[in-house]
Amino acid sequence: YSATSKVNRQLSSLMFDSLFKLDNELNPQNCLAQDIEISGKTCTVTVKSARFSDGSSVSGSDIVYSFNVAKSTENSVYPTQLSNISSANASGRTVTFALKNYDINFANILDFPIIKEGSRNRKDSDNRELPPIGCGRYVYASKNGDGFLEPNKGYYSDVPENSVELMNIPDNESWKYAIRSGEIDIYYSGENTSDLPSFSGGTSQIKHTDFVY
């Protein structure tokens, strides 16, 4: 929730599903949400039958927990994004959001990552921080000090890749060298610029959900 770079926020979507996600036309598509009903200032969301990477079921209380963490995380996009929600309550796999103002497009803002209740501050036996438990397509793992993402075996649909290697790229010059040398396969830029490092692959324009000024 406190990730500051757009790259890391995009990367987190591999590990943590949200209730809804926006398609290329910026329309909300069901992710963990099975359905949504908006009646006046009350919104009811029913969650799909899904499991976290540790095998436990995703419940409405996990959604409420994630909402409260997201809304209270300082220096984050979520306190402002979720400011129209006055409260959230769970019953089984159903979550009821109380809104301050009626919003027919309410589903568009329900893209905050869902984590397992109580898993925000996990640490390993050496007291090192671990990612929260998610229910996304991939799970964080490490070997010999190198981090990577491996498929979530309990995910409710197919995961195309066997693993995703993670690299620490500290600055723009390192990005360019890593692309030219073939160390990385995919380069994502959040800037509207044609000044891209030279590489042999193709390019694709991606619509932004952010207002940049």
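Structural data are supplied above this passage.
Residues numbered from 1 in each chain as written. Predicted model: local features only at pLDDT ≥ 70, side-chain atom pairs only at ≥ 80, totals over all residues. Heavy atoms only, no water.

1. Overview of the overall build of the protein
Link 1 in the chain: Helices and strands together make up the secondary structure of the protein, namely four helices and nine strands.
Link 2 in the chain: Going from N to C terminus, the protein has its helices and strands arranged as α-β-β-β-β-α-α-β-β-β-β-β-α.
Link 3 in the chain: Counting all 213 residues of the protein, 29% fall into the buried class.
Link 4 in the chain: Taking the contacts inside the protein whose residues are at least 6 apart along the sequence as the reference set, 51% of them involve residues at least 24 apart.
Link 5 in the chain: Here the protein has roughly 13600 Å² of accessible surface; of this, 43% comes from carbon and sulfur atoms. (Helix = DSSP H or I, 4+ residues; strand = E, 2+ residues; numbered from the N terminus. Buried < 20%, exposed > 50% of the residue type's maximum accessible area, 1.4 Å probe, protein only. Contact = heavy atoms within 4.5 Å. Areas by Shrake-Rupley, 256 points an atom, 1.4 Å probe, with all protein chains shown as cover.)

2. Some thoughts on the environment of phenylalanine 20
Link 1 in the chain: Mapped onto the elements of the fold, phenylalanine 20 is located in strand β1 (residues 20-22).
Link 2 in the chain: Taking the C-alpha atoms as reference points, phenylalanine 20 and leucine 110, 90 residues apart in sequence, are found 5.7 Å from one another.
Link 3 in the chain: If sequence neighbours within four positions are ignored, phenylalanine 20 has contacts with Pro28, Gln29, Asn30, Cys31, Ala33, Ile36, Ala107, Leu110 and Asp111.

3. Details of unusual backbone geometry
Link 1 in the chain: With phi around 65°, leucine 26 is a residue other than glycine that occupies positive phi space.
Link 2 in the chain: When you line up the elements, leucine 26 lands in the loop between β1 and β2 (28-30).

4. Here we look at the nonpolar core
Link 1 in the chain: The biggest cluster of nonpolar side chains holds 29 residues, and the ones touching the most others in it are Leu19, Ile85, Phe97, Leu110 and Phe112.
Link 2 in the chain: Breaking this core down by element, the ones donating at least two residues are β4 (42-47), α2 (60-72), β5 (85-91) and β6 (94-99).
Link 3 in the chain: Take this core: its biggest share by element is four residues, from α2.
Link 4 in the chain: The residues touching phenylalanine 112, leaving out its near neighbours within four places in the chain, are Asp17, Ser18, Leu19, Ile63, Ser66, Phe67, Ala70, Tyr78 and Leu82. (Core = buried A, V, L, I, M, F, W, Y, C linked by side-chain atoms within 4.5 Å.)

5. Here's the deal with the pattern of salt bridges
Link 1 in the chain: Throughout the structure, instances matching the rule amount to three salt bridges.
Link 2 in the chain: Residue aspartate 54 pairs with lysine 116 through a salt bridge whose shortest N-O separation is 2.6 Å. Residue aspartate 54 is located in the loop between β4 and α2, and its partner lysine 116 is located in the loop between β6 and β7 (138-143); the two are separated by 62 residues in the primary sequence.
Link 3 in the chain: We classify aspartate 54 as partly exposed; its relative accessible area is 39%.
Link 4 in the chain: Of the charged contacts in the structure, one is a salt bridge between arginine 128 and aspartate 124, with a shortest N-O distance of 3.1 Å.
Link 5 in the chain: Look at arginine 128 and you get exposed, because its relative accessible area is 52%.
Link 6 in the chain: Residues joined by salt bridges that share partners form a network here, namely Asp124, Asp126 and Arg128. (Salt bridge = Lys/Arg side-chain N within 4 Å of Asp/Glu carboxyl O.)

6. Notes on the sheet that holds β6
Link 1 in the chain: Sheet architecture is open: four strands sit in the order β3-β4-β6-β5, paired in antiparallel fashion. Each end of this open sheet is capped by a strand with a single partner; those strands are β3 (33-39) and β5. For this sheet, the mean angle separating the axes of adjacent strands, direction not counted, is 15°.
Link 2 in the chain: Sheet strands touched by α2: β4, β5 and β6. Its angle to β5, the strand with the most contacts, is close to 155°. (Pairing = 2+ DSSP bridges. Axes fitted to C-alpha atoms, helices over the stretch in contact; angles between N-to-C directions.)

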